[in-house]
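# Per-entry structural report
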Amino acid sequence: SHKWKDSDKLATIRRFRWLAHSCKGMVFITALSGAFVAGLDAGLVYNTFPKMADRWIPTDLISSRLPWYRNIFENHTCVQFDHRLLATLSGLTVTATWLRSRQINLPIRSRHAVNVMMGLMCFQYCLGIFTLLRFVPTPEASAHQCGSMAVLSAAIWLTAELSRLPKL
C-alpha cells in the first residue's frame, strides 16, 4: 500500500491518471479505426510504410464522389491513412505515459501495467507495419487484431490499478 502524503504527490498522480485514461481512449479509437480497415480490406490499398505510394499524404485521400464525413468511413485510402495516424498518436501517447511513469513513484502493480502496455504497444505497432508490408496475410492480420485487444486490456489494467490510489 503506497502512501501519498502531500498535495503535490496527489496532483502528480492525478495528472498521470489523466494521461493513462488518454492512452486508453486513444487505443480504443485506434482499434475501432482498425475495424474499418479490416472491414473494407483497406490494408490492401497501400502496402508501403511510412509513406503511402511515395507520398506522406496520398492524392486520393479525399474522394470528391463522397461527402467528407463518408470518406472517413468508406474511402479505403482515408480509412487506412486515419488508422496509421491514430496508431502513431496512440504509440506516442503510450510512450509519453511510460516515460512519465519513470519519473514518479508508482506502486509495483501500476508499474507492471504501464510496462506491459508499452511492450505490447511496441509489438503491436511493428506487427501492423509487418502485416501491411506483407500484403495483409490472414494469420498476421488476425494477430494484429488480437494485439489491439491486448494493448487495450493493458491500458484498462493500468487505469484500474491507478483507480486504487488516493484521489484529490
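Residues numbered from 1 in each chain as written. Predicted model: local features only at pLDDT ≥ 70, side-chain atom pairs only at ≥ 80, totals over all residues. Heavy atoms only, no water.

When helices and strands are tallied, the protein shows five helices and zero strands. Listing every helix and strand of the protein by position from the N terminus yields α-α-α-α-α. Taking the principal axes of the C-alpha coordinates as reference, the protein spans close to 60 × 35 × 25 Å. Residues classed as buried in the protein amount to 42% of the 168 residues present. Excluding contacts between residues fewer than 6 apart, the proportion of contacts in the protein whose partners are at least 24 apart in sequence is 72%. (Helix = DSSP H or I, 4+ residues; strand = E, 2+ residues; numbered from the N terminus. Buried < 20%, exposed > 50% of the residue type's maximum accessible area, 1.4 Å probe, protein only. Contact = heavy atoms within 4.5 Å.)

What follows deals with a nonpolar patch on the surface. Nonpolar side chains collect at one region of the surface, where Phe28, Ile29, Leu32, Phe36, Trp68, Tyr69, Ile72 and Phe73 lie side by side and expose about 830 Å² of accessible area between them. Mapped onto the elements, leucine 32 comes out in helix H1 (residues 7–40). (Patch = residues over 30% accessible without salt bridge, like charges linked within 9 Å, V, L, I, M, F, W, Y side chains within 5 Å. Areas by Shrake-Rupley, 256 points an atom, 1.4 Å probe, with all protein chains shown as cover. Salt bridge = Lys/Arg side-chain N within 4 Å of Asp/Glu carboxyl O.)

The omega torsion across phenylalanine 49 and proline 50 is 5°, close enough to zero to call that bond cis. Looking at the secondary structure, you find proline 50 in the loop between H1 and helix H2 (68–74). Despite not being glycine, alanine 53 shows a phi value in the positive range, around 55°. Note on placement: alanine 53 falls in the loop between H1 and H2. Judged by its relative accessible area of 42%, alanine 53 is partly exposed. The residue aspartate 54 is not glycine, and still its phi comes out positive at about 65°. Relative to the helices and strands, aspartate 54 is located in the loop between H1 and H2. Residue classification places aspartate 54 among the exposed positions, given a relative accessible area of 71%.

Now for the layout of surface pockets. Reported here for the largest pocket is a volume of approximately 700 Å³. Gly34, Val37, His83, Gly128 and His144 are the residues nearest the centre of the largest pocket, which is lined by 29 residues in total. Among the elements of the structure, H1, helix H3 (76–101), helix H4 (108–133) and helix H5 (138–163) are those that each provide at least two residues to the lining of the largest pocket. Taken as a whole, the second largest pocket encloses approximately 180 Å³ of empty space. Elements with a minimum of two residues in the lining of the second largest pocket: H1, H2 and H3. Tallied by class, the residues present in the lining of the second largest pocket amount to eight nonpolar, two polar and one charged. (1 Å grid on protein atoms, 1.4 Å probe; cavity = no way out; pocket = protein on both sides within 12 Å on 5 of 7 lines; lining within 4 Å. Points joined across faces, edges and corners; volume = space filled by probe spheres on them. Nonpolar A, V, L, I, M, F, W, Y, C, P; charged D, E, K, R; others polar.)

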